[in-house]
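These are the residues of each chain, in order.
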Amino acid sequence: MSTKLVRKTVPLIITFLVGLLMIGQWFLKIPSLNELATSVQQWGIIIAAFAMGLGSVNIIIRNVHRIQKREGTDWLYAIWLLAIFFLFAIVGIGFGSASSQYRYIFNTILQPLSATMYPATLFFLVSAIYRTFKTRTVEGGLFVIVGAIILVANAPVMAATFPFLVSVKSWIMDVELTAAYRAILLGIGLGAIMLGFRVIFGLETTHLGREEET
Amino acid sequence: MIIASGKVVDFIALILIWAVAAVFVWIVGGKRFTIRRMVAIDVIEEAVGRAVETEKAVVMNIGGGGLLRGEYAPATMAGLTVLGYVAGLTARLGADLIAPMYSDGGVETIPVATELIRDAYMAEGEVERFDAEEMIPFLPVQASVMALADRVRPAANIMVGYYWHESCIWAEAFGRIGAIQVGGTTNLYQIPFFAGACDYVLIGEEVYPISAYISKDPKLIATIVGQDAFKWIAAILIILGTILVSFGNQWLTQFLSM
């Protein structure tokens, strides 16, 4: 088989068939179509599991290389990362992901660390707002004015002192913002439909790699 | 009826939209249409050039939406298109590329991205510079991408795909080290963060026609024209619906809910 057949033609045919299947499953009431679509979606989960394996191998190789190079202090973190990686893998595979042992390390290590990331967003937001407020363009100026109104109106003391700010904020959020969001959402929806058209009918092939035959 | 209830008009609309697109692509032809300039895409080549001059890397991130979930897959597809384009540029101009793969439900993009980048380097005759382990690190948590920003200090950070709150964290992390940033997502609630923290931003639907813009393929551009035609129809329906509802007439609302 030629490379082009394997790399372009077969994926395009599969994309066309699966694309139509998924559309049919969403719009049509045909039980066999629904069952087939569910099976295809489950294949996707299996493919993702293989990709997770690939990602795990990538983590091991990269960090082993970092430890071998011993540049700066990064390699110490690499040792720590691999230790935790294998701890989770051994406990997860050995006792099962529903076991109390796995739940313990999940709840005491991963969960608190993940939860920490969310409040950290606040500091990045403040920093982003500061940088945005320094902008010297007309759009940036409007951004600052609207942002300042929302910020001030959300502060209870300011809302109590200047109640009209709450009305202004509500108007911005309910009228201006909602209208803009819906317009963007409409464009996103139509854009996604057209991207689907391009992918299903083989017009969009950039995700399949290079054009020429090798 | 064979069509599920509540989806009849949606189904007919989809067929109509695709039919109009097909007319624009295969009958009208796309040669007479042009697509407006997208500065956020134009600047990518400049950013890669700057990376070469400063001997720093380019980071290209496609987010964590993945390809398996319908609502996020289109943005990831667009991100992969940009990734292929950026990989071609870094291969041709001689910059280092790092495309971190974030795991939040998007691990299936790893093999696709790997093939795309390898293909791009192969097409430029630079396949010996392709190193999957170093170029496509699997970074399972948000903090690891921030650590990458601090460790590598790239000249440019390009983020096109589907993002959640990491959009703000990552854009800020790369912004602090002075990287040129291009951000684009279809997640409504993350667009303001990109608008605030990135130098150039692709707003919502601008993410999708990137392949048409880059390739200048008349057929791809024709689909954008078809899409714009339906924007006008949608606008007319919105105005008509607003007038009818204002006068207490629910006919259009009920019709569209069929």
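Residues numbered from 1 in each chain as written. Chains lettered and ligands numbered in written order. Predicted model: local features only at pLDDT ≥ 70, side-chain atom pairs only at ≥ 80, totals over all residues.

**Points about the overall build of chain B**
Then step 1. Each helix and strand counted, chain B has 11 helices and 7 strands in total.
Then step 2. Seen along its three principal axes, the alpha-carbon backbone of chain B occupies a region of about 65 × 40 × 35 Å.
Then step 3. The buried share of chain B, taken over its 258 residues, is 50%.
Then step 4. A separation threshold of at least 6 residues defines the contact pool for chain B, and within that pool the share at least 24 residues apart is 70%. (Helix = DSSP H or I, 4+ residues; strand = E, 2+ residues; numbered from the N terminus. Buried ≥ 20, exposed ≤ 12 C-beta atoms within 10 Å, placed from the backbone. Contact = placed C-beta atoms within 7 Å.)

**Description of the overall build of chain A**
Then step 1. For chain A, the count of helices and strands is 7 helices and 0 strands.
Then step 2. Listing every helix and strand of chain A by position from the N terminus yields α-α-α-α-α-α-α.
Then step 3. Computed over the C-alpha atoms, the radius of gyration of chain A is 26 Å, more than 25% above the 17 Å expected from 2.2 N^0.38 for a compact globule of 214 residues.
Then step 4. Along the longest, intermediate and shortest principal axes, the C-alpha atoms of chain A span 70 × 50 × 40 Å. (Rg over C-alpha atoms; globule rule 2.2 N^0.38 Å.)

**Re the nonpolar core**
Then step 1. Counting residues in each nonpolar core, the largest one holds 98 residues, and the members touching the most others are Val58(B), Leu83(B), Val86(B), Leu97(B), Ala113(B), Ile117(B) and Ala171(B).
Then step 2. In this structure Ala171(B) touches Ala128(A), Met159(B), Gln181(B), Gly183(B), Phe193(B), Phe194(B), Ala197(B) and Cys198(B), once residues within four positions along its chain are discounted. (Core = buried A, V, L, I, M, F, W, Y, C linked by C-beta atoms within 7 Å.)

**Some thoughts on the confidence of the model for chain A**
Where the model shows low pLDDT, its predicted coordinates should not be examined in detail.
Then step 1. For chain A, the average pLDDT comes to 86, and 95% of its residues sit at 70 or higher.
Then step 2. Within chain A, helix α7 (residues 164-200) of chain A carries the highest mean pLDDT (92), whereas helix α4 (residues 100-133) of chain A carries the lowest (84). (pLDDT = per-residue confidence, 0-100.)

**Things to note about the interface of chain A and chain B**
Then step 1. In this assembly, 46 residues from chain A lie in contact with 58 residues from chain B.
Then step 2. At 15 residues, the largest contribution of residues to the side of chain A that touches chain B is made by α7(A).

**What to know about the domain arrangement of chain A**
Residue and element names in this part refer to chain A.
Then step 1. Once the domains are mapped, chain A shows domain 1 (1-71) and domain 2 (135-214).
Then step 2. Contacts between domain 1 and domain 2 engage 11 residues on the former and 9 residues on the latter.
Then step 3. The residue makeup of the side of domain 1 that touches domain 2, split by class, is 4 nonpolar, 4 polar and 3 charged. (Domains from an automatic or database assignment. Nonpolar A, V, L, I, M, F, W, Y, C, P; charged D, E, K, R; others polar.)

**Overview of the pairing of strand β5 (residues 156-162) of chain B**
All names here are of chain B.
Then step 1. The buried fraction of β5 amounts to 7 of the 7 residues, a majority that puts the element mostly inside the structure.
Then step 2. Relative to β5, strand β1 (residues 57-63) runs parallel, the two sharing 5 bridges. Looking across to β5, one finds that Val59 is bridged to Asn157.
Then step 3. In the sheet, β5 pairs with strand β6 (residues 180-185) via 6 bridges, with the strands oriented parallel. In the strand pairing of β6, Ile158 is matched with Val182. (Pairing = 2+ DSSP bridges.)

**Considerations on the pairing of β1(B)**
Residue and element names in this part refer to chain B.
Then step 1. For β1, a buried count of 7 out of 7 residues is recorded, marking the element as mostly surrounded by other parts of the structure.
Then step 2. Here β1 pairs with strand β2 (residues 96-98) via 3 bridges, running parallel. Its bridge partner lying in β2, Val58 is registered against Leu97.
Then step 3. Once you follow β1 into helix α3 (residues 73-93) and on to β2, the crossover reads as right-handed. (Right-handed = clockwise from strand over helix to strand, strands pointing away.)

**Notes on the sheet that holds strand β7 (residues 200-203) of chain B**
All names here are of chain B.
Then step 1. Spatial ordering of the open sheet is given by β2-β1-β5-β6-β7, a layout of 5 strands whose pairing is parallel. This sheet does not close on itself; its edge strands, each paired only once, are β2 and β7. Strand-to-strand twist in this sheet, taken as the mean axis angle between neighbours without regard to direction, amounts to 10°.
Then step 2. Sheet contacts for helix α2 (residues 39-54): β1, β5, β6 and β7; angle to β6, the most-contacted strand, approximately 145°.
Then step 3. Here helix α7 (residues 166-176) sits on the sheet in contact with β1, β5 and β6, set at roughly 170° to β6. (Axes fitted to C-alpha atoms, helices over the stretch in contact; angles between N-to-C directions.)

**Quick notes on helix α4 (residues 109-123) of chain B**
Residues and elements named next belong to chain B.
Then step 1. Over its 15 residues, α4 runs 21 Å from end to end, which matches the ideal 21 Å to within 8%, given 1.5 Å per residue.
Then step 2. All buried positions along α4 are accounted for by Thr109, Ile110, Val112, Ala113, Leu116, Ile117, Asp119, Ala120 and Tyr121.
Then step 3. Positioned one or two residues after α4, Gly125 has a phi angle of 70°, which is positive. (Expected span 1.5 Å × (residues − 1).)

**Looking at the environment of Ile184(A)**
Then step 1. Mapped onto the fold, Ile184(A) is located in helix α7.
Then step 2. What makes Ile184(A) partly exposed here is the crowd of 17 C-beta atoms within 10 Å.

**Overview of the packing of helix α6 (residues 142-152) of chain B against α7(B)**
Residue and element names in this part refer to chain B.
Then step 1. The geometry of α6 relative to α7 is characterised by a closest axis approach of 9 Å and an angle of 15° between their N-to-C directions. Judged by the angle between their axes, α6 and α7 are roughly parallel. Where α6 crosses over α7, the two elements pack in a sense that is right-handed. When α6 is examined against α7, the residues Gln142, Val145, Met146 and Ala149 are found in contact with a partner set consisting of Glu166, Ile169, Trp170, Ala173 and Phe174.
Then step 2. Considering only residue class, the contact of α6 with α7 consists of 7 nonpolar, 1 polar and 1 charged. (Parallel < 35°, antiparallel > 145°, perpendicular 65-115°, else oblique. Left-handed = near helix turned anticlockwise from the far one by under 90°.)

**Concerning unusual backbone geometry**
Residue and element names in this part refer to chain B.
Then step 1. Look at Glu55: it is not a glycine, yet its phi comes out positive at around 55°.
Then step 2. Checked against the element boundaries, Glu55 lands in the loop between α2 and β1.
Then step 3. A positive phi angle, close to 50°, is found at Arg153, a residue other than glycine.

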